[in-house]
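What follows is each chain in one-letter form.
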Amino acid sequence: MSLHRGTDRAAKVPEEERAELRRLSLNPFFGEADPVGEMTSAPPTHRLPDGPIPPDSAFQLVHDELMLDGNSRLNLATFVTTWMEPQATVLMAECRDKNMIDKDEYPRTAELERRCVAMLAALWNAPDPSTAVGCSTTGSSEACMLAGMALKRRWATRNSARYPASARPNLVMGVNVQVCWEKFCAFWEVEARQVPMDGDRFHLDPRAAAELCDENTIGVVAVLGSTFDGSYEPVAELCAALDALQERTGLDVPVHVDGASGAMIAPFLDEDLVWDFRLPRVSSINTSGHKYGLVYPGVGWALWRSPAELPEELVFRVNYLGGDMPTFALNFSRPGAQVVAQYYTFLRLGREGYRAVQQTARDIARRLADRIAALGDFRLLTRGDELPVFAFTTAPGVTNFDVFDVSRRLREQGWLVPAYTFPANRQDLSVLRIVCRNGFSADLAALLIADLERVLPELRGQERPMDRDKSAATAFHH
């Protein structure tokens, strides 16, 4: 959640001028009956109005301001679902007033959540899907927090006789992890041990990760689908390295798979890839239902191999509205609409439907990557053959413009294509990244290429890249 200051940006404008601006901000036609008889000025925007206004007026004021937001369908930065079927939208509207936490009051919504967990447990090859435990969350960030809490509590329980409560545990991960893992370490006082990038390796190295582990390591995070470039981390190789570590030292380090995106891609398109509960060292997995789970935000899922991986003391049993309700969550009240939409999508598509949707996204990504490479101005880092996501930078010898110039010019055409610099040890590398997801059709991809071809002659004609504020690089943590 972003932090916002409550200061009125127009506070320095004289009150008389502000009053005139509010008067001119209101279209006389907003009046429901008499255009000049109901409202004479728009309400203030940074404090509560003194009184109510007609609903149509409030709607129009908010609606008009939101037109200045980017078009979500053209946002190639976000992994988040931006299109669903009308039937799903209707179901969500019908369930938006249901509080997901009130399982006793809304037992059928709770049952749909339970079914989703069972479906994911089977999809991720849990040893016994009927005993795997899991829950819905507001997204992968909350799911990662819950998984991290379980890892830390299991470590603390195992080491309670050896270490005081003040002992500082650590969590091993690649420097490419999503920012939620850094938040987890900061919030729960865990040392983040990060494996840096090296050369053309842009994610976790299994051997380097194992070398960072010690008796205070609560676990290792493997990312199935890095947000930096769309690549899968080698989960099986990581588990093998940790198996070898245990043979040498006796250290038994569990693995959590952050499958925010890839856990809803690999089961359908990469069935032979072993990354999930088939690996005994994988204790928990999370995913974002609102990414390649194909549901509007926000819904995520966290699953554990068995009840043994989720400490019972973290699960609260609340007598709420007359029922005994086990809960494991950072949030309490939230709408049930997204969980219902997830179940609808599982039911609607099935395995073959998901395979078709995800294969289309991957095919579009690969074709688009090939067409961008063929322009000659860019060098591909990835090709969209794991996540339907690829990253690219300017080709060697291109000195007239940089990736930030390309991002800026595409934004003028309505496209949101993020440009950003890689972390340690590749801060020298700045890239563009394109996320292909359901709703980004081959036609839209062709329009993107056409717009890119349209701006390239002007970019090639520049003497040098435009000056820019390096701290203002486009955000990409979605």
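Counting starts from 1 at the beginning of each chain's written sequence and moves along it residue by residue. Totals for whole chains, interfaces and linings use every residue, but because this is a predicted model, local features are given only for residues with pLDDT of at least 70 and side-chain atom pairs only at 80 or more, for both listing and counting. The basis for every side-chain value is the complete set of heavy atoms in the structure, and neither hydrogens nor water enter the calculation.

1. Regarding the overall build of the protein
Of the regular secondary structure elements, the protein holds 12 helices and 13 strands. Per-residue burial for the protein yields a buried fraction of 50% across its 478 residues. Any two residues whose heavy atoms approach within 4.5 Å are treated as being in contact. Here the analysis covers contacts within the protein between residues at least 6 apart in sequence; of these, 70% occur between residues at least 24 apart. Here the accessible surface of atoms and residues is derived via Shrake-Rupley with a 1.4 Å probe, and residues count as covered only by protein chains that are part of the display. For the protein, the accessible surface area stands at approximately 23,300 Å², while carbon and sulfur atoms represent 52% of it. For the purposes of this entry, the term helix denotes a DSSP run of H or I that reaches at least four residues, the term strand denotes a run of E that reaches at least two, and both are numbered from the N terminus. Residue exposure (1.4 Å probe, protein chains only): buried if accessible area is under 20% of the type maximum, exposed if over 50%, otherwise partly exposed.

2. Focus on unusual backbone geometry
The omega angle of the peptide bond from P297 to G298 is 0°, so this bond is cis rather than trans. With an omega of 0°, the peptide bond between A424 and N425 qualifies as cis. Secondary-structure assignment places N425 in the loop between β12 (419-421) and β13 (430-435). The backbone of N125 shows a phi angle near 60°, a positive value even though the residue is not glycine. By the secondary structure assignment, N125 is in the loop between α4 (107-123) and β1 (133-137). For L294, which is not glycine, the phi torsion reads 75° and is therefore positive.

3. Some details on the sheet that holds strand β6 (residues 282-288)
Here, strands pair whenever DSSP counts at least two bridges between them. The strand order across the open sheet formed by seven strands is β1-β7-β6-β5-β4-β2-β3, and the pairing between neighbours is mixed. Of all the strands in the sheet, the pair left with one neighbour each is β1 and β3 (191-195). Put simply, the sheet's adjacent strands are angled 20° from each other on average, direction ignored. Pairing analysis gives five bridges linking β6 to strand β7 (residues 300-304), with the strands arranged antiparallel. From the neighbouring strand, T287 faces β7, where its bridge partner is W301. In the packing of helix α5 (residues 140-158) onto the sheet, contacts are made with β1, β2 (170-174), β4 (217-223), β5 (255-258), β6 and β7, and the angle to β6 comes to roughly 165°. The strands touched by helix α6 (residues 179-187) within the sheet are β2, β3, β4 and β5, with β2 carrying the most contacts at an inclination of about 165°. The angle between two axes is taken between their N-to-C directions and runs from 0 to 180 degrees, where each axis is a line fitted to C-alpha atoms and a helix contributes only its stretch in contact.

4. With respect to α6
Inspection of α6 places C180, W181, F184 and C185 among the buried residues, and these make up the whole buried set. In a view along the axis of α6, the buried residues occupy a sector of 145°, so they form one face of it. Summarising the geometry of α6, the exposed residues directed more than 90 degrees from the buried face are A186 and F187. In the segment just after α6, E189 is the residue with positive phi, at about 55°. Our arc is simply the arc of the directions from the helix axis toward the C-beta atoms.

5. Some words on the nonpolar core
For soluble globular proteins, nonpolar side chains are generally found buried alongside one another. With 63 residues, the main nonpolar core has W124, V220, V235, L242, W275 and V282 as its most contacted residues. Counting residues per element, this core draws most heavily on helix α10 (residues 337-374), at nine residues. V220 has contacts with L171, V172, L204, A209, C213, L238, L242, V253, P254, V255 and H256, leaving out every residue within four places of it along the chain. Put simply, buried Ala, Val, Leu, Ile, Met, Phe, Trp, Tyr and Cys residues joined by side-chain atoms within 4.5 Å make one nonpolar core. Within the second largest apolar cluster, 32 residues are counted, among which are L380, F440, A445 and L456.

6. Let's talk about the sheet that holds strand β11 (residues 389-394)
Strand order in this open sheet of four strands is β10-β11-β13-β12, and the pairing throughout is antiparallel. Only two strands of the sheet have a single neighbouring strand rather than two, namely β10 (378-380) and β12. Pairwise comparison of adjacent strand axes, ignoring direction, gives a mean angle of 40° for this sheet. For β10 and β11, the ladder comprises three bridges, and the chain directions are antiparallel. Along β11, the bridge assignment pairs R379 with T393. Against the sheet, helix α11 (residues 403-412) engages β10, β11, β12 and β13, with an angle of about 40° to β13.

7. Re the pattern of salt bridges
The salt bridge criterion pairs a side-chain nitrogen of Lys or Arg with a carboxyl oxygen of Asp or Glu, the two atoms within 4 Å. If you walk through the whole model with that rule in mind, you get 21 salt bridges. In the salt-bridge network here, residues are joined through shared partners; they are D405, R408, R409, E412 and E458.

8. Digging into the environment of V253
If you trace the backbone, V253 turns up in the loop between α8 (235-249) and β5. Residue classification places V253 among the buried residues on the basis of a relative accessible area of 2%. For the pair V253 and A210, spaced 43 residues apart in sequence, the C-alpha separation works out to 9.1 Å. Apart from the residues within four sequence positions on either side, V253 is in contact with C213, T217, G219, V220, L242, L245 and R281.

9. Details of the environment of S140
Note that S140 resides in helix α5. Spatially, the C-alpha atoms of S140 and T287 are 5.6 Å apart, while their sequence positions differ by 147 residues. Once residues lying within four places of it in the same chain are set aside, the contact partners of S140 are A260, N286, T287, S288 and G300. Polar contact criterion, stated in full: a pair of N or O atoms within 3.5 Å, where within protein one must be able to donate a hydrogen and the other to accept it, and residues adjacent in sequence count only if both atoms are side-chain atoms. Within the structure, S140 has its side chain in polar contact with the side chain of S288 (distance 2.8 Å).

Geometric values such as these leave the question of function open.
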